[in-house]
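An overview of the molecular structure
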Amino acid sequence: MACGAPVLTTHRTSLPEVGGDAVAYTEPDATSIQDGLRALIDDPVRREALGTAGHARAQEFSWAASAEAHLASYLRAAGQRDE
């Protein structure tokens, strides 16, 4: 995603949370993956759109954003300790 390549992944674990609408999804079996890859190969407009959307989505996951989220979590936890 960060380099603008279209991504094909599954709906498992946290992948939909990260990918959102910026990636193509498939089931985690060989036939579904083959079909998903074929669909991307056959659709250059969709590949381009997913690449652009994925790159934009990846920008939301910076080290700065991660640090801010961790700090907010630590501050909330510290505040709850006093209660």
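Here we summarise the structure given alongside this text. Computed from a prediction, not measured in an experiment: that's the story for all the values here.

1. Considerations on the overall build of the chain
Secondary structure assignment for the chain yields 4 helices and 2 strands. Tracing the chain from N to C terminus, the helices and strands come up as β-α-β-α-α-α. Taking 12 Å as the expected radius of gyration for a compact globule of 83 residues, we find that the chain reaches 17 Å, considerably beyond that expectation. A principal-axis box enclosing the C-alpha atoms of the chain has dimensions of 60 × 25 × 15 Å. The buried share of the chain, taken over its 83 residues, is 17%. Long-range pairs, those at least 24 residues apart, make up 45% of the contacts in the chain with a sequence separation of at least 6. Roughly 6000 Å² of accessible area belongs to the chain as shown, and the carbon and sulfur atoms make up 57% of that amount. Positive and negative side-chain charges in the chain, numbering 7 and 12 respectively, have mean positions lying 2 Å apart.

2. Examining helix α3 (residues 44–58)
An α-helix turns once per 3.6 residues; consequently, residues spaced three or four apart project the same way. Counted at 1.5 Å a residue, the expected span for α3 with its 15 residues is 21 Å, and the 21 Å between its end C-alpha atoms agrees. For α3, the set of buried residues is Leu50, Gly51, Gly54, Arg57 and Ala58. With its buried residues spanning 135 degrees around the axis, α3 presents them on a single face. Set apart from the buried face of α3 by more than 90 degrees, the exposed residues are Val45 and Glu48. Close packing links the buried residues of α3 with α1 (15–19), β2 (24–26) and α2 (30–41).

3. Re a nonpolar patch on the surface
A surface patch of nonpolar side chains, about 250 Å² in accessible area, is lined by Ile33, Leu37 and Ile41. Of note, Ile33 is situated in helix α2. Among the residues examined, Ile33 registers a relative accessible area of 35% and is labelled partly exposed.

4. Overview of the pattern of salt bridges
For the structure on display, the rule yields 3 salt bridges. For the salt bridge of Arg12 with Glu27, the shortest nitrogen-to-oxygen distance reads 3.2 Å. Of the two residues, Arg12 is situated in the loop between β1 (8–10) and α1 and Glu27 in the loop between β2 and α2; the sequence distance between them amounts to 15 residues. With a relative accessible area of 40%, Arg12 lands in the partly exposed category. A relative accessible area of 36% places Glu27 in the partly exposed class. For the salt bridge of Arg57 with Glu60, the shortest nitrogen-to-oxygen distance reads 3.3 Å. When its relative accessible area of 48% is taken as the criterion, Glu60 is described as partly exposed.

Parameters at a glance
- Residues numbered from 1 in each chain as written.
- Predicted model: local features only at pLDDT ≥ 70, side-chain atom pairs only at ≥ 80, totals over all residues.
- Heavy atoms only, no water.
- Helix = DSSP H or I, 4+ residues; strand = E, 2+ residues; numbered from the N terminus.
- Rg over C-alpha atoms; globule rule 2.2 N^0.38 Å.
- Buried < 20%, exposed > 50% of the residue type's maximum accessible area, 1.4 Å probe, protein only.
- Contact = heavy atoms within 4.5 Å.
- Areas by Shrake-Rupley, 256 points an atom, 1.4 Å probe, with all protein chains shown as cover.
- Lys, Arg positive; Asp, Glu negative; His and termini not counted.
- Charge placed at Lys NZ, Arg CZ, Asp CG, Glu CD.
- Expected span 1.5 Å × (residues − 1).
- Arc of directions from axis to C-beta.
- Patch = residues over 30% accessible without salt bridge, like charges linked within 9 Å, V, L, I, M, F, W, Y side chains within 5 Å.
- Salt bridge = Lys/Arg side-chain N within 4 Å of Asp/Glu carboxyl O.

All we've got here are geometric facts, nothing functional implied.
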